[in-house]
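This is what each chain is made of:
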Amino acid sequence: MRLSESDRDSAVSVSLDSALEAGPSFASGPSNGHSRVASKGNGFTHHPYTNGSSKPSIGSDLDGRTQETHRSSVARVSLPGRTLYEDSYVDREEFVRLIIQSLRDVGYMESAATLEAESGYIMETPEVAEFRRCILGASWESAETALVRLGVTEGEGLWDAKFLIAKQKYLEHLEAGKITAALSVLRNELAPLNPELDHLHALSSLMMCSDPSDLRHQVGWDGAGGTSRRRLLMDLQRYIPSSVMIPQRRFATLLDQARAYQQSRCLYHNVPLRSQPYSLYTDHQCDRNAFPRVTTAVLSVHEDEVWNLEWSHNGKYLATASKDRTAIIWRVELDKDPRYRAYSPEFILRDHEFHVGCVSWSLDDSILLTASEHRITLWNARTGLRVRTLEQHTDVVTALSWLPDGSGFISGGLDRKIILWDADGKMRDNWGRTTPIRVTDLMVTPDFTRLVAVGMYDLPPTIPAGGNAAQDAGAAGCTGTGAGAGGGGTSTSRGSETRIIIYNLTTKHPESSIRLEGELTSVKISQDSQYALINRASENGPPAEIRLLDLNTEQVVHKYTGHSQSKHVIRSCFGGVEGNFVLSGSEDGNVYIWHRETGALLEVLEGHGEGSVNSVAWNPVNERMFASCSDDKTVRIWEAPPPDALPPSALAVAGSDGLDRAEDPRDGENGKGKGKGRWDAGPSTSTSSVAGAGSSSLSDAGNGYGIGSTTALF
């Protein structure tokens with residue numbers, strides 16, 4: 001957008017070889033900390049300047065236009081071509097106009113006017129400035145007329161823009177107590193634009209507001225004296241060509257987009273947006289040494305495999321569930337330096353008849369839920385006392401998920417039941433008598449709209465010639481009774497397929513059912529409620545993988561591979577700032593971490609002993625800490641390497657000293673033990689066949705796996 005003819009005549013073109021210096025004009029006044037005597041010339045200029053803090057010689061009016069009192073004193077620079085550089089694709093005019101807008105935004109009005117005169121480009125035409133003045137000054141009729149001159153053509157765009165203007169006009173009349181004028185706008189300006197009937201009814205109901213404050217509260221509007229007119233201007237800008245009226249703070253928006261892109265490509269980005277310095281001089285890059293990848297503590301109180309774990313919402317406690325029929329609440333000194341941080345078992349929750357497979361914290365961290373076979377137990381997390389035991393399920397409870405508002409929780413199990421409970425343990429509702437699948441995991445979306453469940457859907461049984469159908473009885477429930485995949489053979493086989501079912505949380509009706517190959521063992525939902533992270537095991541088919549499913553499009557957008565999972569239940573999670581990482585255990589005893597956006601495998605962390613790493617959990621408060629639990633009976637805390645590496649002897653190890661446990665006569669029993677084994681395992685003919693498939697049998701429990709090395713990996 002070029003200057004007018006009068007401006008063009010007053011400017012003198014100069015060649016690129018001229019000695020004219022670009023930059024802000026000199027003026028007397030304060031110098032922003034720089035001496036007026038000193039020269040700040042970047043190596044080529046010899047004139048002092050004040051960085052824009054001096055009294056400007058070019059004034060500005062309220063609508064953003066500068067007074068052109070000194071343009072004739074600035075010579076125009078004529079440059080060849082239309083792009084910024086010879087090898088650039090950036091249009092010079094667009095770039096310069098954005099610079100002019102940015103200078104005005106930060107208050108450098110004189111510099112902006114100088115650049116306009118020197119370049120021959122202006123930020124906006126007088127018509128745009130007039131339109132802005134009409135909106136900010138409540139000249140509504142003139143504003144509507146100006147829309148057409150600014151390129152808003154007849155059609156839906158023009159109608160939408162006129163509706164926004166009429167709505168603002170209507171609200172301001174109501175605020176001022178001009179009910180008759182407001183009613184006239186509603187009937188003669190808003191209604192003829194044919195808005196949605198519900199929207200029109202909502203606007204008309206505002207006439208019943210008792211006073212202006214009630215009106216502002218109901219609409220979420222701050223009134224004529226607030227920022228509502230400027231917000232209207234921003235909304236109207238969507239309908240005006242951006243080449244005519246540049247979107248507000250456009251250059252800053254481009255910088256924010258560049259920063260967001262750099263962060264999305266930074267594989268180890270794990271720092272909150274506003275907690276680190278940001279420079280335009282260099283590209284963003286996080287240091288790998290700031291990423292949690294070394295063991296800083298080994299927690300070894302459990303006496304058998306540790307199957308699940310979850311951090312409290314305040315990040316100060318960690319709950320773990322084990323095959324040893326206990327759950328432990330660990331206290332973590334989160335505010336201490338990792339080198340001196342203490343970990344201690346706050347409570348050992350022993351009162352479970354069977355193995356413990358699930359733990360879940362209430363929103364305020366006052367209640368901890370545990371699931372042991374078909375029983376759910378509510379524990380007071382501040383006293384360690386049992387509050388209540390629930391036994392409405394008839395088979396293994398495989399999942400517990402609190403509602404986002406903390407008013408209750410949902411449980412799911414292999415009995416095909418999904419039950420909604422109040423926070424105190426009273427059953428509120430259920431998803432019909434049974435669901436189509438034997439639930440292996442479920443989670444409520446943070447936006448409180450959907451429930452995502454994964455599990456197995458039984459197919460009709462296949463009976464070989466001469467087989468006995470009676471041997472397939474009970475397949476509707478859990479068909480395995482231990483940690484393995486099932487041992488003894490049967491004469492019949494019941495096939496199954498795995499599905500993801502997305503329920504509407506309000507109606508409890510399924511919105512969609514998605515079939516996936518392989519056993520689905522875990523589901524986690526992203527904080528924006530858009531994505532589901534699903535572990536898929538594979539015994540004889542394609543390699544195991546973790547899938548990132550878009551819940552809106554029902555499409556798999558990423559797959560994460562490299563770990564191993566065939567027989568055991570392994571649970572993954574999102575981790576880091578904004579859920580930038582995907583974290584999972586593996587049957588090879590390692591912890592795997594991927595970059596969520598690119599799918600790149602970042603780390604394979606060793607340290608656990610023999611057996612599977614069953615579950616992982618990232619601390620919700622400390623973005624540089626996560627925990628993992630394993631068949632080796634231990635829990636490991638992983639953090640970023642300390643600045644100075646500690647000797648191996650300094651690694652914190654929480655042992656079982658002083659925490660002796662009485663012998664339990666049931667330790668010789670196998671129980672049902674489905675908390676860790678494959679849930680689609682066939683019926684077993686003996687206890688030993690189940691225990692021997694995929695995990696250590698009880699006869700080996702005394703030997704254990706050992707806790708592995710306690711040496712930090714830095």
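Given the structure is predicted, the values throughout are model-derived calculations rather than measurements. (Residues numbered from 1 in each chain as written. Predicted model: local features only at pLDDT ≥ 70, side-chain atom pairs only at ≥ 80, totals over all residues. Heavy atoms only, no water.)

Engineer: I tried to follow the overall build of the protein chain on my own but got confused; where do I start?
Structural biologist: Scanning the protein chain from terminus to terminus reveals twelve helices and 31 strands. In the form shown here, the protein chain has an accessible surface area of approximately 33,700 Å², with 50% of it arising from carbon and sulfur atoms. (Helix = DSSP H or I, 4+ residues; strand = E, 2+ residues; numbered from the N terminus. Areas by Shrake-Rupley, 256 points an atom, 1.4 Å probe, with all protein chains shown as cover.)

Engineer: Help me understand the confidence of the model for the protein chain, please; the structure alone is not making it clear to me.
Structural biologist: Regions with low pLDDT should not have their predicted coordinates read in detail. For the protein chain, per-residue confidence averages 78 on the pLDDT scale, and 74% of positions sit at 70 or higher. Across residues 5–68, confidence stays below pLDDT 50; counting only partners more than four residues off in sequence or on other chains, it has 88 contacts. (pLDDT = per-residue confidence, 0-100. Contact = heavy atoms within 4.5 Å.)

Engineer: How should I be thinking about the layout of surface pockets in this particular structure?
Structural biologist: The rolling of a water-molecule-sized probe over the atoms marks out the regions of remaining empty space. Taken as a whole, the second largest pocket encloses approximately 1,300 Å³ of empty space. Contributing elements (two or more residues each) for the lining of the second largest pocket: β4 (306–311), β8 (358–361), β12 (397–402), β16 (438–444), β20 (519–525), β24 (573–575) and β28 (613–618). Within the lining of the second largest pocket, the residues separate by chemical class into 25 nonpolar, 15 polar and eight charged. (1 Å grid on protein atoms, 1.4 Å probe; cavity = no way out; pocket = protein on both sides within 12 Å on 5 of 7 lines; lining within 4 Å. Points joined across faces, edges and corners; volume = space filled by probe spheres on them. Nonpolar A, V, L, I, M, F, W, Y, C, P; charged D, E, K, R; others polar.)

Engineer: Could you clarify how one ought to interpret the sheet that holds strand β6 (residues 327–332) in this entry?
Structural biologist: The pairing of strands in a sheet happens through backbone hydrogen bonds and is either parallel or antiparallel. Read from one edge to the other, the open sheet built from four strands follows the order β4-β5-β6-β7, with strand pairing classed as antiparallel. Two strands lie at the open edges of the sheet, namely β4 and β7 (343–349), each paired on one side alone. Pairs of neighbouring strands in the sheet enclose a mean axial angle of 25 degrees, with direction left out of account. Examined bridge by bridge, strand β5 (residues 317–322) and β6 share five bridges and lie antiparallel to one another. (Pairing = 2+ DSSP bridges. Axes fitted to C-alpha atoms, helices over the stretch in contact; angles between N-to-C directions.)

Engineer: What is the right way to look at the pattern of salt bridges in this model?
Structural biologist: Close approach of charged atoms lets side chains of opposite charge pair. As enumerated under the stated definition, the model contains 24 salt bridges in all. Between arginine 238 and aspartate 235 there is a salt bridge, and its shortest N-O distance comes to 3.5 Å. For arginine 238, a relative accessible area of 57% puts it in the exposed group. Taken together, the salt bridges that share partners define one network made up of Glu497, Arg499, Arg515 and Glu517. (Salt bridge = Lys/Arg side-chain N within 4 Å of Asp/Glu carboxyl O. Buried < 20%, exposed > 50% of the residue type's maximum accessible area, 1.4 Å probe, protein only.)

Engineer: Even after reading the chapter, I still don't get the side chain of asparagine 619, so can you show me in this structure?
Structural biologist: Turning to its location among the elements, asparagine 619 is positioned in the loop between β28 and β29 (625–630). Engagement of the side chain of asparagine 619 in a polar contact is seen with the backbone oxygen of glycine 315, the distance being 3.1 Å. Within the local environment of asparagine 619, its side chain forms a polar contact with the backbone nitrogen of valine 621, the two atoms lying 2.8 Å apart. Filtering out sequence-adjacent residues up to four positions away, asparagine 619 remains in contact with Trp311, Gly315, Leu334, Met625 and Phe626. (Polar contact = N/O pair within 3.5 Å; in protein donor to acceptor, adjacent residues only side chain to side chain.)

Engineer: Would you mind showing me how to read the packing of aromatic side chains here?
Structural biologist: What characterises a pair of aromatic rings is the spacing of the ring centres plus the angle enclosed by the ring planes. The full count for this structure, using the stated rule, is twelve aromatic pairs. Consider the rings of tyrosine 317 and tryptophan 361, whose centres lie 6.4 Å apart with planes at 40 degrees: the pair is tilted. Taken together, the residues tyrosine 317 in strand β5 and tryptophan 361 in strand β8 connect sequence positions 44 residues apart. A ring pair is formed by tyrosine 592 and tryptophan 594, whose centres lie 6.0 Å apart and whose planes are at 20 degrees; its orientation type is stacked. Here the two residues tyrosine 592 and tryptophan 594 agree in accessibility, since each one is buried. Within the aromatic cluster, the residues linked to one another by ring pairs are Tyr268, Phe291, Phe581, Trp618, Phe626 and Trp638. The ring of tyrosine 457 has arginine 499 lying over it, and the distance from NZ or CZ to the ring centre is 4.0 Å. (Phe/Tyr/Trp six-rings, centres within 6.5 Å; stacked < 30°, edge-to-face > 60°. Lys NZ or Arg CZ within 6 Å of the ring centre and 35° of its normal.)

Engineer: So what exactly am I meant to see when it comes to the pairing of strand β30 (residues 635–639) here?
Structural biologist: Looking down a regular strand, the side chains alternate between one sheet face and the other. Along β30, five of the five residues are buried, which leaves the element largely enclosed by surrounding structure. Residues Val635, Ile637 and Glu639 point to one face of β30 and Arg636 and Trp638 to the other, with burial holding for every one of them. As paired strands, strand β3 (residues 294–299) and β30 are joined by five bridges and run antiparallel to one another. From the neighbouring strand, alanine 297 faces β30, where its bridge partner is isoleucine 637.

Engineer: Would you mind going over the pairing of β29 with me for this structure?
Structural biologist: Burial of β29 is extensive: six of the six residues sit out of reach of the surface. By the alternation rule, side chains of β29 split into Met625, Ala627 and Cys629 and Phe626, Ser628 and Ser630, which are all buried. Bridging between β28 and β29 involves five bridges; their strand directions are antiparallel. Across the sheet, the residue bridging to tryptophan 618 is phenylalanine 626, located in β29.

Engineer: Explain unusual backbone geometry here, please?
Structural biologist: Apart from glycine, the bulk of residues carry a negative phi angle, and the bulk of peptide bonds sit in the trans form. The backbone phi angle of asparagine 194 is positive, close to 55 degrees, even though this residue is not glycine. When you line up the elements, asparagine 194 lands in the loop between α7 (179–190) and α8 (197–205). A relative accessible area of 61% places asparagine 194 in the exposed class. The backbone of aspartate 365 sits at a positive phi, close to 65 degrees, despite the residue not being glycine. As for its placement among the helices and strands, aspartate 365 is situated in the loop between β8 and β9 (367–372). Using a relative accessible area of 11% as the deciding quantity, one classes aspartate 365 as buried.

Engineer: What am I meant to see in the environment of valine 90 here?
Structural biologist: Checked against the element boundaries, valine 90 lands in the loop between β2 (76–77) and α2 (92–106). If we skip the residues at most four places from it in the chain, valine 90 touches Arg82, Thr83, Leu84 and Phe95.

Engineer: I tried to follow the sheet that holds strand β11 (residues 386–390) on my own but got confused; where do I start?
Structural biologist: The strand order across the open sheet formed by four strands is β8-β9-β10-β11, and the pairing between neighbours is antiparallel. Two strands bound the open sheet, and with one partner strand each, they are β8 and β11. On average, each strand axis in the sheet is inclined to that of its neighbour by 20 degrees, with strand direction left out of account.

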